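Examining the three-dimensional arrangement
So the chains spell out like this:
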Amino acid sequence: MRHWEAIFLAQEPINVGLLGLGTVGSGVVKLLEQNGTAIATKIGRPLRVARVLVRDTAKPRAVSIAPELLTTDPQQILEDPAIPVIAEVMGGVEPAREYLLTALARGKSVVTANKDLLALHGQELLETARAHGADFFFEASVGGGIPIIHPLKEFLAANRIEQVLGIVNGTTNYILSKMTQEGREFAEALAEAQALGYAESDPRADIEGDDAARKLAILASIAFNTRVTYPEVYVEGITRISSRDILYAGELGYVVKLLAIAREEGGEIEARVHPALVPRQHPLAAVSDVYNAIFVRGDAVGEAMFYGRGAGQMPTASAVVGDLMAVARNLVHGATGQVACTCFRSLPVRPMGRVECQYYLRLTVRDRPGVLASIAGVFGNQGVSLASVIQKRSFDGWAELVLITHRVREASLQDALKIIGGLSVVRAIDNVIRVEEGI
Ligand code: NAP
Ligand code: HSE
């Protein structure tokens with residue numbers, strides 16, 4: 001150890017109260033242990049985990065931690081004046097919201113990875129932080145280890161952001177990658193993502209698209225300086241994506257990805273999460289496994305892409321500890337409470353029916369003359385123009401059709417599909433997936 005490192009390590013530690021010691025919490029403890037000397041040197045004082053809130057103190061832990069630090073009583077952290085910083089990695093909306101509001105009201109700074117909470121109550125938490133001169137940082141809530149929140153709030157703040165778009169859920173990207181590259185079954189790939197610590201405690205939040213929608217609400221709020229909450233984001237997950245869709249998409253030159261898309265256009269915000277066919281040559285098509293990538297388009301910077309591990313213990317711990325260090329530096333220099341809520345506008349979110357897209361449609365229909373003409377007629381009457389129609393296979397008097405539309409309003413497509421679904425020659429509308437060509 002160098003001389004100055006010993007000096008910084010010998011300084012009075014900054015006590016951190018950790019709420020949660022699961023996948024991410026254990027990573028935070030590990031990282032503070034592993035890089036503690038460098039962290040102390042960079043801040044000027046060491047960071048010490050002073051107390052840890054868990055549900056069950058008897059549970060075996062993945063990290064070595066003094067048993068007397070564990071507690072099931074939140075007040076032992078929230079009421080302790082010797083703990084100026086809280087790292088919340090327990091997840092869920094309540095009681096996390098209540099604990100963090102209490103901590104902020106007592107002037108404690110807070111770091112959180114909790115997108116469920118932020119996507120609903122971000123404004124309340126940020127305003128409470130501002131009112132009490134505390135920091136409230138949440139880099140780990142979007143993109144795992146990828147720095148995206150601080151860059152949007154600070155380093156890209158000079159831009160008018162036009163679009164934020166990307167892959168923001170590691171679990172679903174892992175599943176789709178395994179299905180595409182290795183022909184794996186959905187359930188098998190999901191079980192692997194869970195075992196690797198990528199999935200939420202309830203993985204439905206990942207596969208139904210809600211986790212990505214929460215992250216998009218956070219990103220859109222920051223990017224467009226307006227409050228977008230999770231219920232305002234249109235969301236579809238990946239549970240209806242079959243190996244057949246992945247195969248046909250591949251034959252057409254596309255890869256299936258779960259995309260999160262937010263744009264400002266005509267005084268409105270478009271905010272949607274859904275599976276999409278992405279052209280194989282687009283950089284997002286090459287983003288595989290647990291990796292996430294977020295494209296930001298600003299009027300000054302042009303296109304910037306942020307890429308890295310979007311979930312997992314140590315990447316997420318990297319973001320949490322980075323935020324803890326930012327808070328600690330501010331404490332050392334008496335500068336907490338400087339970066340507050342940036343939502344100074346109030347823009348409406350565009351209803352999905354008015355959003356324009358291209359679509360991939362897979363239908364099972366009667367295999368006989370005139371059927372295609374009747375389907376094409378309905379699309380024509382509803383103003384839906386077809387770019388291509390391919391008959392993929394015939395079986396037992398049925399034909400499987402894959403159609404790609406030109407760009408059309410969502411409402412017109414849905415109206416057409418309602419009529420087509422009722423035709424006696426149509427057995428099923430097997431899938432409808434948006435095609436994102438011009439991203
Ligand atoms: P986890 O493995 O389920 O861990 C949750 C921890 O919080 C556990 O230690 C649990 O205690 C404790 N806990 C939960 N509810 C509690 C309560 N009411 N009272 C006291 N303790 C409670 O979750 P995780 O994967 O680490 O995720 C934590 C947070 O990070 C979530 O907000 C998640 O969305 C976010 N996040 C996760 C990842 C990832 O890759 N996993 C990435 C980015 C963000 P016990 O251990 O005693 O049960
Ligand atoms: N479950 C989330 C994911 C964790 O798979 O992306 C990171 O937020």
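My aim in this report is to walk through the structure given alongside it, one point at a time. Only a predicted model underlies this, so the values are computations on that prediction, with no experimental measurement involved.

1. Concerning the pairing of strand S11 (residues 291–298)
For a regular strand, side chains alternate in direction, first toward one face of the sheet and then toward the other. Among the 8 residues in S11, 6 count as buried, and that is most of the element. Looking at chain direction, S11 and strand S12 (residues 302–309) are connected through 8 bridges and run antiparallel. Directly across from Asn292, in S12, lies its bridge partner Gly308. The antiparallel hairpin formed by S11 and S12 contains 3 residues in its connecting segment.

2. Looking at the environment of Gln414
With respect to the helices and strands, Gln414 occurs in helix H15 (residues 410–421). Exposure remark for Gln414: the relative accessible area of 34% places this residue in the partly exposed category. When the C-alpha positions of Gln414 and Ile77 are compared, they lie 52 Å apart, and in sequence the two are 337 residues distant.

3. A look at the site of ligand 1
By nearness alone, 24 residues border ligand 1, and Leu21, Val24, Arg61, Glu200 and Gly312 come closest of all. Between ligand 1 and Asp56 there is a distance of 2.9 Å, counted from an oxygen atom to a backbone nitrogen or oxygen. Within the side chain of Lys59, a nitrogen or oxygen atom sits 2.8 Å from an oxygen atom of ligand 1. Protein chains shield 87% of the accessible area of ligand 1, which is 900 Å² for the free molecule. Residues of the shell around ligand 1, tallied by class, amount to 10 nonpolar, 8 polar and 6 charged.

4. Here we look at the sheet that holds strand S6 (residues 136–137)
Across the sheet, 6 strands lie side by side as S3-S2-S1-S4-S5-S6; this open sheet has parallel pairing. The open sheet has two edge strands, strand S3 (70–71) and S6, and neither has a second partner. The pairing of strand S2 (residues 47–53) with S3 spans 2 bridges and is classified as parallel. Among the inter-strand pairings, Val52 is bridged to a residue of S3, identified as Leu70.

5. Some thoughts on the pairing of strand S1 (residues 14–19)
With respect to burial, S1 is a largely interior element, 6 of its 6 residues being buried. A two-sided burial pattern is seen for S1, the buried positions comprising Ile14, Val16 and Leu18 on one face and Asn15, Gly17 and Leu19 on the other. Relative to S2, S1 runs parallel, the two sharing 6 bridges. Within the sheet, the bridge partner assigned to Gly17 lies in S2 and is Arg51. Where S1 meets strand S4 (residues 85–88), 4 bridges bridge the pair, whose relative direction is parallel. Across the sheet, Leu19 pairs through a bridge with Glu88, a residue of S4.

Reading the values: rules and limits
- Along each chain, the written sequence defines residue order, and numbers are assigned to residues from 1.
- To label them, take the chains in the order written and letter them from A, then take the ligands in the order written and number them from 1.
- The model is predicted, so local features are restricted to residues of pLDDT at least 70 and side-chain atom pairs to those at 80 or more, both for listing and for counting; the totals for chains, interfaces and linings are taken over all residues.
- With hydrogens and water stripped out, all remaining heavy atoms of the structure feed into the side-chain values.
- With a 1.4 Å probe rolled over the protein chains alone, any residue whose accessible area is under 20% of its type maximum counts as buried; one over 50% counts as exposed, and the rest are partly exposed.
- Starting at the N terminus, helices and strands are each numbered in turn, a helix being any DSSP run of H or I of at least four residues and a strand any DSSP run of E of at least two.
- Pairing between strands requires that DSSP locate at least two bridges from one strand to the other.
- Residue proximity to a molecule or strand is established when one non-hydrogen atom of the residue lies within 4 Å of it.
- Whenever two N or O atoms come within 3.5 Å, that pair is a polar contact, provided that in protein one can donate a hydrogen and the other can accept it, and provided that, for residues adjacent in sequence, both atoms are side-chain atoms.
- Note on areas: Shrake-Rupley with a 1.4 Å probe; residue coverage comes only from the protein chains shown.
- In this classification, the charged set is Asp, Glu, Lys and Arg, the nonpolar set is Ala, Val, Leu, Ile, Met, Phe, Trp, Tyr, Cys and Pro, and all remaining amino acids, among them Gly, are polar.

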